[in-house]
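Next come the chains, spelled out residue by residue.
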Amino acid sequence: MTIKGVLFDFSGTLFRVEPVHDWLSGVLDASGTTLPDAEFTRCARELEEAGALPGGADPLRLPDHLAGLWAVRDRSAKLHRETYTGLARQVELPDPRLYDLLYDRHKTPAAWRPYPDTKQVLGGLRQRGIKIGVVSNIGWDLRPVFRAHGLDDFVDAYVLSFEHKAQKPDERLFRAACEELGHDPGEVLMVGDDRRADGGAAALGCAVHFVDHLPVDERPEALLPVLALAGEGR
């Protein structure tokens, strides 16, 4: 099979969100809020356990009143914000403004780091003339993140769940991405970290390759095999 296009997931595949303690610290600093060390540690721990950071760990215990929202959170910007601010509100914070400020912080380029091999792989694919798309379950526009990190020029198409009112593994997202790249699904490789969500591309006929959702410093070159896979048959 000749690969003419590669689709990538965003969070946990090309980029990783900052750790919870950095997320919380950034918001506290920007808002002029100070916390004693013990209180900061408690808040950070409880926010992580609550799954309040999008792109971070899933909730340890999903509250019953948020279960319905959690299942459809990536279908709109409103649902995404409501879900994650709802999770954050399970944690007692010193100022009620912080819940929305935390949500807003995670959408900024500063909150995201590309994996060490992201640019190398995207650039390598571009040099070979392979089209690149990003297919993400997300509730906000991630294009500014790619621009800020100098990666937007490598991407030919963005297919974001909140813009299409559908979530992976719904094959409509993968079909839309393949159409935007101008290639048949059988000529496209999907790369992601979630076997259920990203694996949905296989039902459409795409090849699929998985990477582990690890911190940036613990995954220096997991994307490099994509270059070999995309080179097969060329």
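None of these values were measured; they are calculated from a predicted model.

Undergrad: Which parts of the structure should I look at to understand the pattern of salt bridges?
TA: Oppositely charged side chains can form a pair if their charged atoms are brought close together. Scanning the model with the defined rule gives 17 salt bridges in all. The salt bridge partner of Arg81 is Asp100, with a shortest N-O separation of 3.1 Å. Here Asp100 lies in helix 5 (residues 98–106) and Arg81 lies in helix 4 (residues 77–88), a separation of 19 residues in the sequence. Under the relative-accessibility criterion, Asp100 is labelled partly exposed at 32%. Here Glu163 ties to Arg143 by a salt bridge, and the two come within 3.1 Å at their closest N and O atoms. Taken together, the positions of Glu163 in helix 8 (residues 161–164) and Arg143 in helix 7 (residues 143–148) put the pair 20 residues apart, joining distant regions of the chain. We classify Glu163 as partly exposed; its relative accessible area is 37%. One connected set of salt bridges, linked through shared partners, spans Glu39, Arg42, Arg45 and Glu46.

Undergrad: Where do I start with the sheet that holds strand 7 (residues 207–210) in this structure?
TA: One open sheet accounts for 5 strands, arranged 5-4-1-6-7; its pairing is parallel. Single-partner strands in this sheet number two, and they are strand 5 (157–160) and strand 7. Each strand axis lies, on average, 20° off the axis of its neighbour in the sheet, ignoring direction. One ladder, built from 4 bridges, connects strand 4 (residues 131–136) with strand 5; its direction is parallel. From the neighbouring strand, Val135 faces strand 5, where its bridge partner is Val159.

Undergrad: It is not clear to me how the environment of His21 should be interpreted in this structure. Could you clarify?
TA: For His21, the location among the structural elements is in helix 1 (residues 20–31). The exposure class assigned to His21 is partly exposed, which follows from its relative accessible area of 43%. Linking His21 and Ala44, residues 23 residues apart in sequence, is a C-alpha distance of 5.5 Å. Once residues within four sequence positions are removed from consideration, His21 is found in contact with Phe40 and Ala44. At a separation of 2.9 Å, a polar atom in the side chain of His21 contacts the side chain of Asp22.

About the cut-offs
- Residues numbered from 1 in each chain as written.
- Predicted model: local features only at pLDDT ≥ 70, side-chain atom pairs only at ≥ 80, totals over all residues.
- Heavy atoms only, no water.
- Salt bridge = Lys/Arg side-chain N within 4 Å of Asp/Glu carboxyl O.
- Helix = DSSP H or I, 4+ residues; strand = E, 2+ residues; numbered from the N terminus.
- Buried < 20%, exposed > 50% of the residue type's maximum accessible area, 1.4 Å probe, protein only.
- Pairing = 2+ DSSP bridges.
- Axes fitted to C-alpha atoms, helices over the stretch in contact; angles between N-to-C directions.
- Contact = heavy atoms within 4.5 Å.
- Polar contact = N/O pair within 3.5 Å; in protein donor to acceptor, adjacent residues only side chain to side chain.

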